[in-house]
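One letter stands for each residue in the lines below.
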Amino acid sequence: MTTVELDHITKIFPPKTVAVNDISLKIRDGEFFVLLGPSGCGKTTTLRIVAGLEKPTKGRVYIGDRDVTELPPRKRDVAMVFQTYALYPHMKVYDNIAFPLKVRKMPKDEVDKRVREIASLLGIEELLDRYPRQLSGGQQQRVALARALVRHPKVWLMDEPLSNLDALLRIRMRAEIKRIQKELKITTIYVTHDQVEAMSMADRIAVMNKGRVLQVGSPREIYHKPKTLFVAGFIGTPPMNFINVVFGLEKDHYVLRGKTFKIIISDEMGRIIEKKLGVDKEVVLGIRPEHIGIVEDRGRRENNIVEAEVYVVEPLGTETIINVKLDDTIVKVRTIKEVMFEPGSKIKLYIDPQRIYVFDPATEKVLV
Amino acid sequence: MAVVVLRIAKIVALWTLLVVIALFFGIPLVWLVLSAFDPNASPEFRIPSTISLRNFMLLAEPVSGVPPLMWIVNSAIISTLVATIVTITSILAAYVLTRYSFRGQGAMLTAFIVFRLIPPLILALPIMILYRSWGMMDTIHGLVLAMSALILPFTMMIAESFLRSIPVTYEEAAMIDGCTRLGSFLKITLPLAAPGIATIWLLSFVTSWSQFVLPLMIIKTPSLMPASVGLQFFFGEYGRVEYGKLSAFSILYSLPVLIVFLTVQKYLKRGIAGLVSR
Amino acid sequence: MPSIERLKDMLLEGTGARLLILPALALIGIFVVFPVIWNIYISMTNYALTGPRARAYEFIGLENYVRILRDPSFYNTLRVSFMFTVFSAIIGQAFLGLGLALMLRAKEPEGVLGKITKALKITASILVFIAWIIPEVVAGYAWSAITSKGGLISMLLGINDDVYVRYPFETIVVANIWRGTAFSMILFTAALEGIPQYIYEAAEIDGAGPWYRFRHIILPLISQAILVDFILITIWTYGVFTMPFMIVGPSGQGGVAQIWTLYVYYDAINVYEVSYAATAANIMFLIVLAMIIVYLRAIGYLKKW
Ligand SMILES: Nc1ncnc2c1ncn2[C@@H]1O[C@H](COP(=O)(O)OP(=O)(O)OP(=O)(O)O)[C@@H](O)[C@H]1O
Ligand SMILES: [Mg+2]
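Residues numbered from 1 in each chain as written. Chains lettered and ligands numbered in written order. Predicted model: local features only at pLDDT ≥ 70, side-chain atom pairs only at ≥ 80, totals over all residues. Heavy atoms only, no water.

(A) Here's a closer look at the packing of helix α6 (residues 140-164) of chain B against helix α2 (residues 22-43) of chain C. Remark: α6(B) packs on α2(C), axes separated minimally by 9 Å, with the N-to-C direction vectors making an angle of 120 degrees. Considered as vectors, α6(B) and α2(C) are oriented oblique to each other. Here α6(B) runs over α2(C); the crossing is left-handed. Where α6(B) abuts α2(C), its residues Leu145(B), Ala146(B), Ser148(B), Ala149(B), Leu152(B), Pro153(B) and Met156(B) lie against Ala24(C), Leu27(C), Ile28(C), Phe31(C) and Val32(C). (Axes fitted to C-alpha atoms, helices over the stretch in contact; angles between N-to-C directions. Helix = DSSP H or I, 4+ residues; strand = E, 2+ residues; numbered from the N terminus. Parallel < 35°, antiparallel > 145°, perpendicular 65-115°, else oblique. Left-handed = near helix turned anticlockwise from the far one by under 90°. Contact = heavy atoms within 4.5 Å.)

Printed below as a string of structure tokens:
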């Protein structure tokens, strides 16, 4: 049973950099847990606190049922892939990978077996005789990964272990890591700022920003039920569009009014917003690019059709991203249809009121 | 035509300057070498009529009961001890200074710069006074300890900058891999710092080897003298100075220093450049 | 055995490991800091090298300080030390070192001429370097010998006498320039190498002559190095002992060349007045400290005051 629990962890670097701000997390046994967030949000620091390389300014860390806050790294039984690899420069790749096993006094032939096994799994067998400085960045990163995976500790900690690999290799390694992890059921905390990686690998994701955890949930939850403007904007490629509108009541239905358009929303949704905020308030309308439809038929008029000006078209092969100008905001529209629009031309878009999010601009929290 | 003449004149002027400089710096050195091989050496600057190794042979014979070669042996023993003590203590101290943070750290580094620049005589005088009451006058261990302390601020700065240049991440990785904090330093950082440690050992060895003031104040018995004081003692011993033997001794005594500086030459320039800013 | 485990952790993991700095601190404390303090105490006693005052000495307060400030020989040594430092360090070593560094860096012409120039440069710089690294006693001995009667220098000057007796001050000044120039040469060479080549080229293309280039481009770029060089060689030259001791002896040829280090040694060892020597040493140490503080400020420590 290896759970990892962070209990109100705060880390302040003197004089007053708050790297981690009151984080509480419970990571389940055998879970693949991803810390996701932009650069500098405190992911590495959090990981280092779990590893014992950094003492939290406040709070406790538990691995299993044991309070490990005061324990040195070697007694926590964790393995870690460093963001900067940290391969020992004076040891060959083989010795680098074997080092954690040798320190733990594993018999020699067992060490050899394990090292070769993991090396072939990660495709670095031919590199075993080289020194780290003779490797490319991607190769070094795989060696660093091997050094962590060669052990079967209570917890694996991985700090952006794939950031330096090419796209193809990255996809292969993702699958490989995931497979090994599922097989051995080792609780894993995985740091990344790549949301695709997070979505495809995680059992659960914690989205972080500025030292805080904003939301924890499964990839589906994070994607479909973002709780804040930040989470909504961070997940998805391209990210969610945000448009400043005014929430109002017109005749007998609730609307979101932009400068040049108007969207009628369901009464149910409207009532919630009215209850939380009141009418005639400024709100932020969020809609994902894939949830905006292109209306080709010029004749029909229907509710929730808005007219916008095409700005730039980015054809990406299987899909096309159309940047349009709506009010003063650039809105991205994703479509799989083969379409061509001239920049400057007018386009009609359908916004599905069932798939929109409304945020309170003051608190940045989601309203519906 | 005029341009060519000007260019040649320039080169000749540069050559002349360089030759003058080479002569100024070379003459005392050349005299030292010439007289060492001259059985009838004198202050006079001349090519020996017969070149012989006699002066070197004579160094095995006693002067006031002590053969000069023994001073070289003494120096070797003293400097080996000093270099070893200084290297170990300064690496340990630098480890603490670079791997931990504590109050007064900046002040401590500043203090080391100050200590390093104190003229040795300022320390040698009170150390002599203290040694007289501690019964440490004329002892090798007394000399070794004082000499180590004198050199330590210097080697410690080198050790500090060396260890600072090795990222802590390697040690962190080793700690996660199962080493203790100290163990990770010993297993990972120390091997990485090996060239630096060798440099520190060699530099402290030659610094101790050349030191003069401290042994002059502490060691009075000829048989315990290191080479520096031995040379001076030898020089002042008789009415008539035995130039040949003194020069031969000087050359033997200087050789280790020349060899060490040849090996650490590259590091030296970097070290001197490091004095310009923090 | 949780307590033994705890102790082991403490020693190997942190709190305890900091104690590893102790051997160094102990050495420095006992053999550097304490002697400096002891020197202050001794200067306030009547301690002597031999005789009754060696065994039973008394506290006499500031008497030695009062006495030394009335002692003409002390003012003489102050003056000699000052002149020695100015001539030997700043005027001699620094300028010669800078000149050498510039000469070594100057572009060599193509072909045979260039090869000869290069060989001369290497020879000169190696000799300068050797003069700096050989043990100081050896340097002192060699200079004492060649400035003796019958040596090359006395022949060149045409005097039938020991040069170091006739011109003791000049001899130690020149000998110390010989000894110390390498440091400035290396420091300035490193500083000049720090100037990217394109800056020279840009200046040349802009039509700047050699003097203009030196004055307005090189000099400002190496001003920090010059400042540091001046301070450091001043401190070192001021504290020089061995070479002058070997050449002119502790009395400095009747005081003419008695820099303060010789003065202190002479008082303590030749005249047995140890506490008086300690007094002189303390006053001189204050002067060094002031120079060290200037140095610390120059390299960016001690931002305030
Ligand atoms: N040793 C330190 N001393 C002072 N500040 C630090 C230290 N380590 C990290 N920080 C600061 O703490 C904050 C969080 O850093 P951290 O390395 O955890 O970010 P991160 O999320 O891993 O970013 P990235 O994706 O760029 O790796 C940053 O603002 C950083 O500048
Ligand atoms: Mg990071």
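Moving on from the coordinates now.
(B) Spotlight on helix α5 (residues 167-184) of chain A. Residue and element names in this part refer to chain A. When the terminal C-alpha atoms of α5 are compared, their 26 Å separation across 18 residues agrees well with the 26 Å that a helix rising 1.5 Å per residue should span. The N-terminus of α5 is capped by Asp-166, whose side-chain oxygen sits 3.1 Å from the backbone nitrogen of Leu-168. Immediately downstream of α5, the backbone of Lys-185 shows phi near 55 degrees, a positive value. (Expected span 1.5 Å × (residues − 1). Polar contact = N/O pair within 3.5 Å; in protein donor to acceptor, adjacent residues only side chain to side chain.)

(C) Looking closely at the side chain of Asp360(A). Residues and elements named next belong to chain A. Following the sequence through the fold, Asp-360 ends up in the segment after β20 (357-359). Put simply, Asp-360 is tucked away with no salt bridge, and the nearest opposite charge, on Lys-365, sits 8.8 Å away. A polar contact is formed between the side chain of Asp-360 and the backbone nitrogen of Ala-362, at a distance of 2.9 Å. (Buried < 20%, exposed > 50% of the residue type's maximum accessible area, 1.4 Å probe, protein only. Lys, Arg positive; Asp, Glu negative; His and termini not counted. Salt bridge = Lys/Arg side-chain N within 4 Å of Asp/Glu carboxyl O.)

(D) How the structure looks around the interface of chain B and chain C. Opposite the 87 residues of chain B that make contact, chain C presents 100 residues. Each partner contributes to the roughly 8600 Å² buried at the junction of chain B and chain C, and carbon and sulfur atoms together form 84% of this total. On inspection of chain B and its partner chain C, the count reaches 0 salt bridges. At the junction of chain B and chain C, the tally comes to 8 residue pairs in polar contact (both at pLDDT 80 or more). When residues in the side of chain B that touches chain C are grouped by element, the largest group, 17 residues, is from helix α1 (residues 2-36) of chain B. Taken together, the residues of the side of chain B that touches chain C break down into 68 nonpolar, 13 polar and 6 charged. (Buried area = accessible area lost by both parts, 1.4 Å probe. Nonpolar A, V, L, I, M, F, W, Y, C, P; charged D, E, K, R; others polar.)

(E) Structural context of the domain arrangement of chain C. Residue and element names in this part refer to chain C. The domain architecture assigned to chain C consists of domain 1 (4-43) and domain 2 (71-304). Carbon and sulfur atoms make up 60% of the surface buried where domain 1 meets domain 2, a total of about 420 Å² over both sides. Summed over the three residues of domain 1 that lose the most area to domain 2, namely Asn-39, Ile-42 and Ser-43, the buried surface amounts to 77% of that side. For the pair domain 1 and domain 2, the number of links is 0 salt bridges. Counting across the domain 1 and domain 2 interface gives 2 residue pairs in polar contact (both at pLDDT 80 or more). Of the residues assigned to the side of domain 1 that touches domain 2, the class counts are 3 nonpolar, 2 polar and no charged. (Domains from an automatic or database assignment.)

(F) Seen up close, the sheet that holds strand β6 (residues 78-81) of chain A. Residues and elements named next belong to chain A. Pairing in this open sheet of 6 strands is mixed, and the strands run β6-β7-β8-β3-β9-β10 from one edge to the other. With partners counted over all chains shown, the strands left at the sheet margins are β6 and β10 (212-217), one partner each. Direction aside, the axes of adjacent strands within the sheet are offset by 15 degrees on average. Note that strand β3 (residues 32-36) and strand β9 (residues 204-209) share 4 bridges and pair parallel. From the neighbouring strand, Leu-36 faces β9, where its bridge partner is Val-207. Seen against the sheet, helix α1 (residues 43-51) touches β3, β6, β7 (155-159), β8 (187-192) and β9 and runs at an angle of roughly 155 degrees to β7. (Pairing = 2+ DSSP bridges.)

(G) Broad picture of the site of ligand 1. Residues and elements named next belong to chain A. As a structural note, the neighbourhood of ligand 1 is formed by 13 residues, with Ser-39, Gly-40, Lys-43, Thr-44 and Thr-45 the closest of them. Gly-40 places a main-chain nitrogen or oxygen 2.7 Å from an oxygen atom of ligand 1. Between ligand 1 and the protein, one listed contact pairs an oxygen atom with a side-chain N or O atom of Thr-44 at 2.5 Å. The protein chains hide 62% of the 640 Å² of surface that ligand 1 would expose on its own. When residues of the shell around ligand 1 are traced back to their parent elements, those giving at least two are β2 (17-27) and α1. Among the elements that make up the shell around ligand 1, the one with the highest residue count is α1 (3 residues). Across the shell around ligand 1, the residue classes break down as 3 nonpolar, 8 polar and 2 charged. (Near = heavy atom within 4 Å. Areas by Shrake-Rupley, 256 points an atom, 1.4 Å probe, with all protein chains shown as cover.)

(H) View of a nonpolar patch on the surface. All names here are of chain A. Where nonpolar side chains cluster on the molecular surface, the patch consists of Tyr-311, Val-312 and Ile-330 and spans about 250 Å² of accessible area. Relative to the helices and strands, Tyr-311 resides in strand β16 (residues 305-315). Among the residues examined, Tyr-311 registers a relative accessible area of 43% and is labelled partly exposed. (Patch = residues over 30% accessible without salt bridge, like charges linked within 9 Å, V, L, I, M, F, W, Y side chains within 5 Å.)

(I) Representation of the packing of aromatic side chains within the structure. Counted according to the given criterion, the structure contains 44 aromatic pairs over all chains. Pairing Tyr95(B) with Phe185(B) gives two aromatic rings, centres 4.1 Å apart and planes at 35 degrees, and the pair type is tilted. Of this pair, Tyr95(B) sits in helix α3 (residues 68-99) while Phe185(B) sits in helix α8 (residues 181-192), and the two are 90 residues apart along the sequence. Like Phe185(B), Tyr95(B) is buried. On the numbers, 5.8 Å between centres and 40 degrees between planes, the contact of Trp211(C) with Phe214(C) is tilted. On the criterion of helical spacing, the pair formed by Trp211(C) and Phe214(C) is a turn pair, its members being 3 residues apart in helix α12 (residues 210-221). Among the residues examined, Trp211(C) registers a relative accessible area of 61% and is labelled exposed. These aromatic residues form a ring-pair network of at least three members: Trp71(B), Trp201(B), Phe205(B), Trp209(B), Phe233(B), Phe234(B), Phe249(B) and Tyr253(B). One cation-aromatic arrangement involves Arg133(A) over Tyr131(A); the distance from NZ or CZ to the ring centre is 5.1 Å. One cation-aromatic arrangement involves Arg288(A) over Tyr223(A); the distance from NZ or CZ to the ring centre is 4.1 Å. (Phe/Tyr/Trp six-rings, centres within 6.5 Å; stacked < 30°, edge-to-face > 60°. Lys NZ or Arg CZ within 6 Å of the ring centre and 35° of its normal.)

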